[in-house]
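# Observations on the three-dimensional arrangement
Here are the chains, one letter per residue:
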Amino acid sequence: MKAVLCRAYGPPQSLVLEDIAPPVPVDGEVLVRVNAAGLNFFDTLIIEGRYQTKPAFPFSPAAEIAGTLADGTRVMAYVGYGGAREMVAVPRQKIVAIPAGLSDEVAAGLCVTYGTTLYALKDRGHLQWGETLAVLGASGGVGQAAVEIGKAMGARVIACASSPEKLAVAKSLGADEMVDYESHDLKEALKSLTGGKGVDVIYDPVGGRHSEQALRAIAWGGRFLVIGFASGEIPKLPLNLVLLKSCDMAGVFWGAHTEREPALHRENMAQLLAWAEIGTIKPQIHNTYGLNQIAEALGAISRREVKGKAILVI
């Protein structure tokens, strides 16, 4: 079978496409013939040795796959890495059946961004119908997912981003209110939009200087979700604010959740697939690429040119 291999740390151009022996499943695994694989920004880091996960060489990038079992069942799975190849052995507990009305390409791009977000809002933030949700970085991958899933869960969504163009993306996905935090004080804007009450749930994949501003605008009993630090800066937040607002701060380590709580993970994936099939959420595919075009795809991701998902079609 053909596989994209990282034999030594380096840029996307250093990846090679080779013929290797197919995997042999062990007890508890199934063999998936991969039809599509989703790429993410962390794939550009893992091949350069700049990610917390460091697989043994040689390995394949791509953490999300959709494909077919020997009996013809179409399934998707989050595998962490190793998806950029024609066949993958996957633990049975990780696979979820794909509905008939959904393409492999869309299913392959759901796991990371939408999976992280549903776990965050439902299981860590306990978002309720009618509550207010503020999404920082609302035009990014997980930010867009948070806007869509927030609306699907019945929240009033306030999209926060750094430009009118980025906010227009969030508005097209259903955001109710917009805040440009480069030209407006985020705390005051969120307070104003909630009539002084504050925001029930804050979804923060950005970090940096906006995190404390958002926390200062949280409602009594609110929930602050720590998703990541796309700004490159991990904020140091004053814990007296958590005390004074009697609010919760919850970390969202989705990758570990998929390993520690596989049944809940499969339940969430099934919900996302069902929503995608009926159009409640509409994952965007930026472009599709062949295995021999993976350097082009990862290059586009590195340059922040990708709007939606870059998908390998195998």
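A few points on the structure. (Residues numbered from 1 in each chain as written. Predicted model: local features only at pLDDT ≥ 70, side-chain atom pairs only at ≥ 80, totals over all residues. Heavy atoms only, no water.)

### Looking at the environment of glycine 222
One can find glycine 222 in strand E12 (residues 218–226). Looking at glycine 222, the relative accessible area reads 0%, which means it is buried. Spatially, the C-alpha atom of glycine 222 lies 8.8 Å from that of glycine 125, the residues being 97 residues apart in sequence. (Helix = DSSP H or I, 4+ residues; strand = E, 2+ residues; numbered from the N terminus. Buried < 20%, exposed > 50% of the residue type's maximum accessible area, 1.4 Å probe, protein only.)

### Focus: helix H6 (residues 186–193)
The α-helix winds at 3.6 residues per turn, so residues separated by three or four positions along the chain end up facing the same way. Among the residues of H6, those classed as buried are Leu186, Ala189 and Leu190. Buried residues in H6, looked at end-on, bunch into an arc of 95°, giving them a common side. N-capping of H6 is provided by aspartate 185, with a side-chain oxygen placed 3.2 Å from the backbone N of lysine 187. In the stretch just after H6, glycine 195 is the one whose phi turns positive, near 60°. (Arc of directions from axis to C-beta. Polar contact = N/O pair within 3.5 Å; in protein donor to acceptor, adjacent residues only side chain to side chain.)

### Observations concerning helix H3 (residues 111–124)
If you check H3, its first and last C-alpha atoms are just 17 Å apart, much less than what 14 residues at 1.5 Å a residue would give, namely 20 Å. Counting buried positions over the 14 residues of H3 gives 12, a clear majority of the element. For H3, the complete set of buried residues consists of Cys111, Val112, Thr113, Tyr114, Gly115, Thr116, Thr117, Leu118, Tyr119, Ala120, Leu121 and Asp123. Once H3 finishes, histidine 126 follows within two positions and takes phi at roughly 50°, a positive value. (Expected span 1.5 Å × (residues − 1).)

### What to know about the pairing of strand E14 (residues 285–289)
Relative to strand E15 (residues 309–313), E14 runs parallel, the two sharing 4 bridges. Paired with isoleucine 285 across the two strands is lysine 309, which belongs to E15. One crossover worth recording links E14 to the parallel E15 by way of helix H11 (residues 294–302), and it is right-handed. (Pairing = 2+ DSSP bridges. Right-handed = clockwise from strand over helix to strand, strands pointing away.)

### Details of the packing of aromatic side chains
Note on aromatic pairs: each is described by the distance of the centres and the angle between the planes. In total, this model carries 5 aromatic pairs according to the counting rule given. Taken together, a centroid distance of 4.8 Å and an interplanar angle of 65° make the contact between tyrosine 9 and phenylalanine 57 edge-to-face. Pair noted here: tyrosine 9 is in the loop between strand E1 (2–5) and strand E2 (16–19) and phenylalanine 57 is in the loop between helix H1 (41–46) and strand E4 (64–68), with a separation of 48 residues, a long-range link. For phenylalanine 57, a relative accessible area of 40% translates into the label partly exposed. Measuring from centroid to centroid gives 5.3 Å for phenylalanine 42 and tyrosine 51, while their planes differ by 15°, and the two rings are stacked. Ring-pair connections join several aromatic residues into one group, and the members of that group are Tyr9, Phe57, Phe59 and Tyr81. For arginine 304, the ring lying beneath its charged end belongs to phenylalanine 41, and the centroid distance is 4.3 Å. (Phe/Tyr/Trp six-rings, centres within 6.5 Å; stacked < 30°, edge-to-face > 60°. Lys NZ or Arg CZ within 6 Å of the ring centre and 35° of its normal.)

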